[in-house]
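# Tertiary structure, described
Below are the chains, spelled out letter by letter.
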Amino acid sequence: MPSLRSIVYVSSSVIPFSTSDLEDLLLKAKAFNSKHSITGALFYKDGNFIQCIEGPPAEMVLTYDRILKDKRHKGIIQLINLPIPFRAFKSWEMAFVRIGPNRSQELTNALSRTSPNATNKTHPSLVLMNSFISTL
Ligand SMILES: Cc1cc2nc3c(=O)[nH]c(=O)nc-3n(C[C@H](O)[C@H](O)[C@H](O)COP(=O)(O)O)c2cc1C
């Protein structure tokens, strides 16, 4: 089985992202990700992002490099970068959830819908994202 890695990071947008800005970002991200066997999830709230990307190690380097170079966000802090036993977001080129005010419960629900393995509490990226998101 090919090896897999997962990165989770947080960042802040430099510009206020409109719905169409986010759609454009996602379109490009998904196109690249699908060609490079990358899956993941992106959450956006009040100018802040948390994203998980996962895939083969060499493709992860390429993808994360694209993310780092994007001038539309700053303050990128990597929280996790490690080998994983399986993908948390297997069927998602990049799932996206925009979080409104006071919607932490809905968000936790969205995360469990997004990931078929969300009930597996041992996946490090899912544990981290669940715990981070529950504080929003
Ligand atoms: C919050 C955020 C998440 C991103 N996620 C991805 C991603 O999952 N995959 C990807 O290839 N690029 C991702 N990017 C980078 C941009 O989508 C991409 O580099 C940008 O749209 C330029 O693409 P282009 O060089 O094809 O025009 C992300 C950028 C930001 C700000």
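Taken together, 15 residues are adjacent to the ligand, and F32, N33, Q51, R66 and D70 come closest. At 2.7 Å from an oxygen atom of the ligand is found a side-chain nitrogen or oxygen belonging to R66. If the ligand stood free it would expose 630 Å²; the protein chains cover 81% of that surface. According to the grid-proximity analysis, the pocket containing the ligand is the largest pocket. At the level of secondary structure, the elements contributing two or more residues to the shell around the ligand comprise α1 (19-35), β3 (48-55) and α2 (57-69). Top contributing element to the shell around the ligand by residue count: α1, with five residues.

A word on the nonpolar core. Among the nonpolar cores identified, the biggest contains 16 residues, and V8, F43, I50, F89, L111 and M129 are the most heavily contacted of them. With three residues, the top contributor of residues to this core is helix α4 (residues 124-133). In this structure, I50 is in contact with V8, Y9, V10, A41, L42, F43, M129 and F132, ignoring residues within four places of it in sequence. Core analysis: the second largest hydrophobic core is formed by 15 residues, Y9, L25, F49 and M94 among them.

The final tally for this structure, using the stated rule, is four aromatic pairs. When the centroid spacing of 5.3 Å and the interplanar angle of 85 degrees are considered together, the rings of F17 and F49 count as edge-to-face. Of this pair, F17 sits in the loop between β1 (5-13) and α1 while F49 sits in strand β3, and the two are 32 residues apart along the sequence. On the accessibility criterion, F17 (4% relative accessible area) is buried. Members of the aromatic cluster, connected to one another through ring pairs, are F17, Y44 and F49. Between the NZ or CZ atom of R66 and the centre of the ring of F32, over which it lies, the distance is 4.2 Å.

Parameters at a glance
- Residues numbered from 1 in each chain as written.
- Predicted model: local features only at pLDDT ≥ 70, side-chain atom pairs only at ≥ 80, totals over all residues.
- Heavy atoms only, no water.
- Near = heavy atom within 4 Å.
- Polar contact = N/O pair within 3.5 Å; in protein donor to acceptor, adjacent residues only side chain to side chain.
- Areas by Shrake-Rupley, 256 points an atom, 1.4 Å probe, with all protein chains shown as cover.
- 1 Å grid on protein atoms, 1.4 Å probe; cavity = no way out; pocket = protein on both sides within 12 Å on 5 of 7 lines; lining within 4 Å.
- Sits in = over half its atoms within 2 Å of the grid points.
- Helix = DSSP H or I, 4+ residues; strand = E, 2+ residues; numbered from the N terminus.
- Core = buried A, V, L, I, M, F, W, Y, C linked by side-chain atoms within 4.5 Å.
- Buried < 20%, exposed > 50% of the residue type's maximum accessible area, 1.4 Å probe, protein only.
- Contact = heavy atoms within 4.5 Å.
- Phe/Tyr/Trp six-rings, centres within 6.5 Å; stacked < 30°, edge-to-face > 60°.
- Lys NZ or Arg CZ within 6 Å of the ring centre and 35° of its normal.

Everything listed here is a matter of geometry and, on its own, says nothing about what the molecule does.
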